[in-house]
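Okay, here's what each chain looks like letter by letter:
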Amino acid sequence: MIDSHVHLNRLEFAGDGLVVAARARLAGVTGFLNVGYDLASSRESIALAEQSPDIWATVGIHPHDAGQLADEAGRLTPAGRACLEELEALSRHPRVVAIGEIGLDFFRDLSPRPAQLAALAAQLELAARAELPVVFHVRDAWPQLMEFVDQVGLPPARGVLHAFSGDAHAVDWAVARGLRLGIGGVVTYRQSVLPEQVARAGVEHLLLETDAPWLPPVPHRGSRNEPAWLGLVLDKVAGILQMDPRDVERRTDASFAALFLERTADAH
Ligand SMILES: [Zn+2]
């Protein structure tokens, strides 16, 4: 099974990302998508991917850091343009398989909303030019995300809605556009409504993820999350779909390969 969203570079792993990955391999994890969220973590993701054939990288600027690309009026700044050029150069690295994580976060609002929209638009364009899919981060901004993406357009290679938290309408919107739903530890939480959306989407539209070091599954809430715990997410999803976990693993691994690997093998 493949962890489609992890941050092995994070300080929480104290420089031991490769040890954490080794532990996950012993637990049956066969691949990792290490996701960047600013320039430094994008470079670190590439460095990890260069060291391990089962780790792939994404490069992108998180909505929290959209202020590095655009001002409060939603205009790209000179520093932002330079940053986008650097991202574009990084995106040509053969181990980079997506642009992300990009999107809208109106929960924490760490960057002005117009800046978030401008950063998202610029990186969707970059993904289209680079012929890469995208990894979306969306929090408390589902209606705005759906409307904006329909307005500016998705890159032809599509992408995944990481840590999916949308409603039934968002599921249908994603499925109709060929986007995958990234499902992680939240699906195991007792109060979560995510099981309904997982059942609504169906296995062919799902990817498994941990988002480690964040969002640990039950019974590890309160700890640092580990990609080694991806099996807890797999088992929960299989239970919801009333499927054999091995079938869910096979189907989601195939979706990961189709989205991120087979296509980029042509592009590069
Ligand atoms: Zn993430």
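Refer to the preceding data block for the structure.
Quick caveat: nothing in here was measured; it's all calculated off a predicted structure.

Q: What is the right way to read helix α6 (residues 168–176) from this model?
A: For the α-helix, the turn length of 3.6 residues means that residues three or four positions removed from each other point alike. Burial in α6 covers these residues: Ala-170, Val-171, Trp-173 and Ala-174. When α6 is viewed along its axis, its buried side chains cluster within an angular range of 165 degrees and face the same direction. When the buried face of α6 is taken as reference, the exposed residues oriented beyond 90 degrees from it are His-169 and Ala-176. In this structure, the buried side of α6 is in contact with α5 (142–152), β6 (159–162), β7 (180–183) and α7 (194–201). The N-cap residue of α6 is Asp-167: its side-chain oxygen and the backbone nitrogen of His-169 are 3.2 Å apart. Backbone geometry just downstream of α6 places Gly-178 in the positive-phi region, at approximately 75 degrees.

Q: Just to check I follow, could you spell out the pairing of strand β2 (residues 31–34) for this structure?
A: The two faces of the sheet receive side chains in turn, since in a regular strand these alternate between them. Of the two faces of β2, the one holding Gly-31 and Leu-33 and the one holding Phe-32 and Asn-34 are both buried throughout. As defined by bridge partners, strand β1 (residues 2–6) adjoins β2 across three bridges and the pair is classed as parallel. Bridging across to β2, Val-6 finds its partner in Asn-34. The handedness of the β1 to β2 crossover, carried by helix α1 (residues 17–26), is right-handed. Where β2 and strand β3 (residues 55–59) come together, three bridges link them in parallel fashion. Paired with Phe-32 across the bridge in β3 is Ile-55. Traced from β2 through helix α2 (residues 39–51) to β3, the parallel crossover comes out right-handed.

Q: Sorry if this is basic, but what is going on with the packing of α2 against helix α3 (residues 78–91) here?
A: When two helices pack together, their arrangement is given by the angle between the helix axes and by the axis-to-axis distance. Running from N to C, α2 and α3 cross one another at 10 degrees; their axes reach a closest spacing of 11 Å. Classified by the interaxial angle, the pair formed by α2 and α3 is roughly parallel. Seen from α2, the contacting residues are Leu-39, Ser-42, Arg-43 and Ile-46; seen from α3, they are Cys-83, Glu-86, Leu-87 and Leu-90. Of the residues assigned to the contact of α2 with α3, the class counts are five nonpolar, one polar and two charged.

Q: Explain the coordination of the zinc ion here, please?
A: Under perfect tetrahedral coordination by four donors, a metal shows angles of 109.5 degrees; under perfect octahedral coordination by six donors, it shows angles of 90 or 180 degrees. Protein coordination of the zinc ion is provided by His-5 (NE2), His-7 (NE2), Glu-101 (OE) and Asp-211 (OD), with donor distances spanning 2.1 to 2.6 Å. Geometry at the zinc ion is irregular, judged from the four donor atoms that bind it and their angles of 85 to 179 degrees at the metal.

Q: How should I be thinking about the packing of α6 against α7 in this particular structure?
A: α7 packs onto α6 with a crossing angle of 30 degrees between their chain directions and a minimal axis gap of 10 Å. Taken together, the axes of α6 and α7 lie roughly parallel to each other. The hand of the α6/α7 crossing is right-handed. The segment α6 lies against α7, with Ala-168, Val-171, Asp-172 and Val-175 engaging Gln-197, Arg-200 and Ala-201.

Q: I tried to follow unusual backbone geometry on my own but got confused; where do I start?
A: That bond from Gly-100 to Glu-101 is cis: its omega, 5 degrees, falls within 30 degrees of zero. Mapped onto the elements, Glu-101 comes out in strand β4 (residues 96–105). The linkage connecting Val-218 with the following residue, Pro-219, adopts the cis geometry, with an omega of 10 degrees. Of note, Pro-219 is situated in the loop between β8 (206–208) and α8 (230–241).

Q: What exactly am I supposed to notice about the sheet that holds β4 here?
A: Within a beta sheet, neighbouring strands are joined by backbone hydrogen bonds and run either parallel or antiparallel to one another. Taken in spatial order, the eight strands make up an open sheet running β1-β2-β3-β4-β5-β6-β7-β8, and their pairing is parallel. Each edge of the open sheet carries a strand with a single partner, namely β1 and β8. Going from strand to strand, the sheet's axes swing by 30 degrees on average, the running direction of each strand aside. Note: strand β5 (residues 134–139) against β6, four bridges, orientation parallel. Paired with Phe-136 across the two strands is Leu-161, which belongs to β6. Contacts from α2 reach β2, β3 and β4, with the element oriented near 160 degrees to β3.

Q: How should I be thinking about the packing of aromatic side chains in this particular structure?
A: Aromatic ring pairs: the centre-centre distance and the angle between the two ring planes describe each pair. Taken as a whole and judged by the stated rule, the model has three aromatic pairs. A centroid spacing of 5.8 Å and a plane angle of 50 degrees characterise the contact between Trp-56 and Phe-256, whose relative ring orientation is tilted. Separated by 200 residues along the polypeptide, Trp-56 in strand β3 and Phe-256 in helix α9 (residues 245–267) bring together distant segments of the chain. In this structure, Trp-56 and Phe-256 share a single accessibility class: buried. Put simply, the rings of Trp-56, Phe-256 and Phe-260 touch in pairs and so form one group of aromatic residues. A cation over a ring is seen here: Arg-113 above Phe-106, with NZ or CZ 4.1 Å from the ring centre. In this arrangement the basic side chain of Arg-139 is found over the ring face of Phe-107, its NZ or CZ atom lying 3.7 Å from the centre.

Rules behind the numbers
Residues numbered from 1 in each chain as written. Predicted model: local features only at pLDDT ≥ 70, side-chain atom pairs only at ≥ 80, totals over all residues. Heavy atoms only, no water. Buried < 20%, exposed > 50% of the residue type's maximum accessible area, 1.4 Å probe, protein only. Helix = DSSP H or I, 4+ residues; strand = E, 2+ residues; numbered from the N terminus. Arc of directions from axis to C-beta. Contact = heavy atoms within 4.5 Å. Polar contact = N/O pair within 3.5 Å; in protein donor to acceptor, adjacent residues only side chain to side chain. Pairing = 2+ DSSP bridges. Right-handed = clockwise from strand over helix to strand, strands pointing away. Axes fitted to C-alpha atoms, helices over the stretch in contact; angles between N-to-C directions. Parallel < 35°, antiparallel > 145°, perpendicular 65-115°, else oblique. Nonpolar A, V, L, I, M, F, W, Y, C, P; charged D, E, K, R; others polar. Donors = N, O, S within 2.8 Å, 3.2 Å for Na, K, Ca; no water. Tetrahedral: all angles 85-135°; square planar, octahedral: opposite > 155°, others 65-115°. Left-handed = near helix turned anticlockwise from the far one by under 90°. Phe/Tyr/Trp six-rings, centres within 6.5 Å; stacked < 30°, edge-to-face > 60°. Lys NZ or Arg CZ within 6 Å of the ring centre and 35° of its normal.

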